[in-house]
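Read off the chains here:
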Amino acid sequence: MREEFRELVKKKNRIGANLALVYWDLETKTPKKSRAYLSELSGELSMQEYNLFTSEEFVNLVENLNKNKESLSDIEKKEIEISLKEIERMKKIPAAEYEEYSKLTSLNQGIWEEAKSKKDFSIIKEGLEKIFYFSKKFAEYRKTDEKNLYDVLLNDYEKGMDTEKLDKFFAELKKEIVPFLKKIQEKKKQLEEKTRLNVEVDEEKQMKFVKFLADYVGFDFDKGLIETSEHPFTLNLNKNDVRLTTNNKKQLPFSTVFSIIHEAGHGIYEQQTADELIDTLLGTGGTMGLHESQSRFMENLVGRNINFWKPLYKKAQNFYPFLADIKFEDFMREINTVQTGLIRVESDELTYSLHIMIRYEIEKMMFSENIAIDDLPKIWNEKVKEYLGIEPKNDSEGLMQDVHWYCGLVGYFPSYAIGNAYASQIYNTMKKDFDVEKALENGELKKITDWLGSKIHKYGKLKDTPEIIKEVTGEELNPKYYIEYLKEKYGKIYGV
């Protein structure tokens, strides 16, 4: 039975790898007129995966192995646990609806790109309406003990998470960050802050620099590569084939820089999962919150740290000559400036969580209120005005800026804020084990990635996120470290 189970798991992983390759093509290289064909192919592969996981052969194998789980290894026990949950989830969703949804999510990505480029929400409106329709319908099929439908989706991305916990989490952030931000905004009125980093840089030169940076922080190019896409993402076939993308923005070269450092954090996590997890159901990163903790850790706690740039600034000037006219101290201040903006992926650390709160509150509204899809742009713009004090000029810098909803990732956004909190909590613990600032100043990034590899990455999905966080930090999710980090950092920068 164990051998048969292994073979079916390998088969599932290979279907998943082919599905990932189709997705990779759709987002990077596919000709416009081929999108419909590849979307159909994606739907067919998703159905192969669905049929395998719900087949009588696989279900019987899993149930029989579960009856004799005392004879299984820890890896096999966890695979059986995951399989039982996935079987239960898939069996509740009718096959025809699952196939339609799979094709929709693939096709929507190309339509979203067109709508965003044309600043025309009407192009993708119907696709988004169908996404929320299916999200609610599937949640209804699957709902058991959850208090509401939205909790079903939250639990998919962050095990054990629900609106009750998230409401408390965001309330704590809101209570501390919003008044602190107002103090900084008042202080900023007294300062003359100039942006000198938004200089046009050729995409090819940008790509050379970000590849250098990805390698510098620990991304292994023998196991990975970098391409461009409309929205940056990380994709893995297994630990030996991990792919990153960035969106090279000519006028915003440091948006590209921090985008790739972020994605490298995801990629390093995937590359450092244990070899013994290859060809199992566990050979990828854990929950989205834990995954985001690794990318946000690398992007902000490392990438915006003064000690990270001390040994790198002259190298950066070789790639970007305009930096020669900018003093190092001014450069550091610029990459850590608090600037209320419309675009989440370009927001500073302090305002970032406000962007997540906007999305979280809208998702809750979509599940608890009778919101028409035509009302979404207005609701989005009102939320942005409430939290950030500014208004989008068009929907491309409003509710179409992120791809997540359009490709079906409803319930995902809170993971970014949870990831920020986890990252600060992990960093606080790491500092107790060695001098992290000295390691950064000496260019010893391997000390950091080795620590993360041994404490977090190697486990893949073998351990649940709450278990890993408790083992590593000695406590459960605690936003106080994130709040303290933000207040200390920006308090020093702005003298508040």
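Just above sits the structure.
Summary of the structure given here.

**Some points on the overall build of the chain**
Alright, step 1. When helices and strands are counted, the chain shows 21 helices and three strands.
Alright, step 2. For 496 residues, the compact-globule estimate of 2.2 N^0.38 gives 23 Å, and the C-alpha radius of gyration of the chain, at 22 Å, lies within 12% of that figure.
Alright, step 3. The C-alpha extent of the chain, read off along each of the three principal axes, is 70 × 50 × 45 Å.
Alright, step 4. For the chain, long-range pairs separated by at least 24 residues make up 73% of all intrachain contacts whose partners lie at least 6 apart in sequence.
Alright, step 5. Surface accessibility of the chain: about 21800 Å² in total, with carbon and sulfur atoms responsible for 47%.

**Some thoughts on the sheet that holds strand E1 (residues 224-228)**
In a beta sheet, neighbouring strands pair by backbone hydrogen bonds and run either parallel or antiparallel.
Alright, step 1. Overall, mixed pairing links the three strands, which are arranged E1-E3-E2 in an open sheet. Since the sheet does not close on itself, it has two edges, and those belong to E1 and strand E2 (234-238), each with one partner. Strand-to-strand twist in this sheet, taken as the mean axis angle between neighbours without regard to direction, amounts to 20°.
Alright, step 2. In the sheet, E2 pairs with strand E3 (residues 241-246) via four bridges, with the strands oriented antiparallel.

**Re the pattern of salt bridges**
Alright, step 1. Scanning all chains against the criterion turns up 46 salt bridges.
Alright, step 2. The residue lysine 447 makes a salt bridge to glutamate 444 at a minimum N-O spacing of 3.5 Å.
Alright, step 3. Among the residues examined, glutamate 444 registers a relative accessible area of 31% and is labelled partly exposed.
Alright, step 4. Through salt bridges with shared partners, one network takes in Lys78, Glu81, Lys85, Lys159 and Asp464.

**A short note on the side chain of threonine 256**
Alright, step 1. Mapping threonine 256 onto the fold places it in helix H10 (residues 253-271).
Alright, step 2. Beyond its immediate sequence surroundings of up to four residues, threonine 256 is in contact with Gln206, Val210, Thr246, Asn247, Asn248 and Lys249.

**Looking at the packing of aromatic side chains**
Alright, step 1. Under the definition given, this model contains 38 aromatic pairs.
Alright, step 2. Ring plane angle 35° and centroid distance 6.1 Å describe the contact between tyrosine 150 and tyrosine 360, whose orientation is recorded as tilted. With tyrosine 150 in helix H7 (residues 149-157) and tyrosine 360 in helix H15 (residues 349-368), the pair connects residues that are 210 residues apart, well separated along the chain.
Alright, step 3. What makes tyrosine 150 buried here is its relative accessible area of 2%.
Alright, step 4. Between arginine 333 and the ring centre of tyrosine 494, over which it is positioned, the NZ or CZ distance is 5.1 Å.
Alright, step 5. Here the basic side chain of arginine 344 rests over the ring of tyrosine 416, its NZ or CZ set 4.5 Å away from the ring centre.

**Here we look at a negative patch on the surface**
Alright, step 1. The grouping of Glu200, Asp202, Glu203 and Glu204 at the surface amounts to a negative patch.
Alright, step 2. Locating glutamate 203 in the fold gives a position in helix H9 (residues 203-217).
Alright, step 3. The class for glutamate 203 is partly exposed, based on a relative accessible area of 32%.

What counts as what
- Residues numbered from 1 in each chain as written.
- Predicted model: local features only at pLDDT ≥ 70, side-chain atom pairs only at ≥ 80, totals over all residues.
- Heavy atoms only, no water.
- Helix = DSSP H or I, 4+ residues; strand = E, 2+ residues; numbered from the N terminus.
- Rg over C-alpha atoms; globule rule 2.2 N^0.38 Å.
- Contact = heavy atoms within 4.5 Å.
- Areas by Shrake-Rupley, 256 points an atom, 1.4 Å probe, with all protein chains shown as cover.
- Pairing = 2+ DSSP bridges.
- Axes fitted to C-alpha atoms, helices over the stretch in contact; angles between N-to-C directions.
- Salt bridge = Lys/Arg side-chain N within 4 Å of Asp/Glu carboxyl O.
- Buried < 20%, exposed > 50% of the residue type's maximum accessible area, 1.4 Å probe, protein only.
- Phe/Tyr/Trp six-rings, centres within 6.5 Å; stacked < 30°, edge-to-face > 60°.
- Lys NZ or Arg CZ within 6 Å of the ring centre and 35° of its normal.
- Patch = residues over 30% accessible without salt bridge, like charges linked within 9 Å, V, L, I, M, F, W, Y side chains within 5 Å.
- Lys, Arg positive; Asp, Glu negative; His and termini not counted.
- Charge placed at Lys NZ, Arg CZ, Asp CG, Glu CD.

Function-wise, these values are silent; they only describe arrangement.
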